[in-house]
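Chains, contacts and geometry: an overview
Below are the chains, spelled out letter by letter.
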Amino acid sequence: MKTTVFAVVCLLGSNLLLAAADPFADSLRTWRDVNGREIQAVFKGLAGDKVKLEKDGQVYIFPLSQLSAADQSHARNLQASPAKSAPVPVDPRLPPPLSDLELQVAPDVNVALVEQLVLKHINEIRKARNINVLSNNDEIARVARTHSMDMATRGFFSHNNPDGEDPTARARKAGFTGLVSSPDGQPRLGLSENIGRVGRYASFQRILRDGKMIRRRIRWQTEATMAEQLVEGWMASPPHRANILDSAKAYLGVGIHVHREHVFATQNFF
């Protein structure tokens, strides 16, 4: 069973992008919980016995006691003595965050249409190579959607979720009946998977007044361009391409989830 992963970088204009200042100078780091699980996030402060960590533009709040003893101590030290303001490193693979105001005016994304277009593009690619087309499977699509939502909610980007479940384990947990009896009677041992993430917008332009930015003019992606960008990215990567062109597969489930400026995508092949 093959699982592959990629992140698609949104195309940005040539304008200079600056990170906002953060009162906690060394707050971008790897944090560990009491079970040894890790997450790279930005420390945003303490609220009583709760810790606030930011990942990919979303702030997560959970009990401070869930962190390792060393990280609990580090968080308290940061809260007590924040360093002087310093730029927050920007991940060049991800689109800069949208403000709440920009999100309020952002066009809605028809996720069902993106899913349909991804399936359409995949089958066009297979037909052009005389490979059997893939049938949509609603059960598999639900597994894919759940994983895309989970990646956005829990702040990870991987085939294995934080509980250690791979695509087949997640399908089994969801009660996918194909693992017991394949719809076409053919023996199929498990699910292959491609995951991706693209920006909700394609580019933006900084509007300045007296040398200061007053707003950004944003060029939003359409459902068609999102689907095209995802499929083009997968086809440009040999392991993702191999999953798409696997003639042993007969079914596909596509799951899209939008979270702020990110569009998460999961493809499960069966």
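Residues numbered from 1 in each chain as written. Predicted model: local features only at pLDDT ≥ 70, side-chain atom pairs only at ≥ 80, totals over all residues. Heavy atoms only, no water.

Things to note about the overall build of the protein chain
Assigned secondary structure in the protein chain consists of seven helices and 13 strands. The buried share among the 270 residues of the protein chain stands at 45%. Restricting to contacts in the protein chain with at least 6 residues of sequence separation, those with at least 24 account for 68%. Total accessible area on the protein chain stands at roughly 14000 Å², and carbon and sulfur atoms take up 52% of it. (Helix = DSSP H or I, 4+ residues; strand = E, 2+ residues; numbered from the N terminus. Buried < 20%, exposed > 50% of the residue type's maximum accessible area, 1.4 Å probe, protein only. Contact = heavy atoms within 4.5 Å. Areas by Shrake-Rupley, 256 points an atom, 1.4 Å probe, with all protein chains shown as cover.)

Quick word on the pairing of strand E9 (residues 192-199)
Of all eight residues in E9, eight are buried, a share of seventy percent or more. By the alternation rule, side chains of E9 split into Ser192, Asn194, Gly196 and Val198 and Glu193, Ile195, Arg197 and Gly199, which are all buried.

A closer look at the packing of aromatic side chains
For the coordinates displayed, the defined rule picks out two aromatic pairs. Taken together, a centroid distance of 5.0 Å and an interplanar angle of 85 degrees make the contact between phenylalanine 176 and phenylalanine 270 edge-to-face. Note that phenylalanine 176 is positioned in the loop between helix H5 (167-173) and E9 and phenylalanine 270 in the segment after strand E13 (262-269), a separation of 94 residues in sequence. Its relative accessible area of 1% is what places phenylalanine 270 among the buried residues. Plain terms: the ring middles of tyrosine 201 and tryptophan 220 are 6.3 Å apart, the flat faces sit at 85 degrees to each other, and that makes the pair edge-to-face. Residue tyrosine 201 is located in strand E10 (residues 201-209), and its partner tryptophan 220 is located in strand E11 (residues 212-220); the two are separated by 19 residues in the primary sequence. A residue is classified by how much of its surface remains accessible, and tryptophan 220, at 23% relative accessible area, is partly exposed. In this structure, arginine 197 is placed above the aromatic ring of phenylalanine 157, and the distance from its NZ or CZ to the ring centre is 4.4 Å. (Phe/Tyr/Trp six-rings, centres within 6.5 Å; stacked < 30°, edge-to-face > 60°. Lys NZ or Arg CZ within 6 Å of the ring centre and 35° of its normal.)

Considerations on the environment of alanine 174
Inspection of the secondary structure puts alanine 174 in the loop between H5 and E9. C-alpha of alanine 174 to C-alpha of isoleucine 140: the two residues are 34 residues apart in sequence and 9.4 Å apart in space.

Observations regarding the packing of helix H3 (residues 111-128) against helix H6 (residues 223-235)
H6 packs onto H3 with a crossing angle of 45 degrees between their chain directions and a minimal axis gap of 9 Å. Classified by the interaxial angle, the pair formed by H3 and H6 is oblique. Handedness of the H3/H6 crossing: right-handed. Side by side, H3 and H6 meet where Leu113, Val114, Leu117, Val118, His121, Ile122 and Ile125 of the first sit next to Glu223, Ala224, Met226, Ala227, Glu228, Leu230, Val231, Trp234 and Met235 of the second. When its residues are assigned to classes, the contact of H3 with H6 shows 13 nonpolar, one polar and two charged. (Axes fitted to C-alpha atoms, helices over the stretch in contact; angles between N-to-C directions. Parallel < 35°, antiparallel > 145°, perpendicular 65-115°, else oblique. Left-handed = near helix turned anticlockwise from the far one by under 90°. Nonpolar A, V, L, I, M, F, W, Y, C, P; charged D, E, K, R; others polar.)

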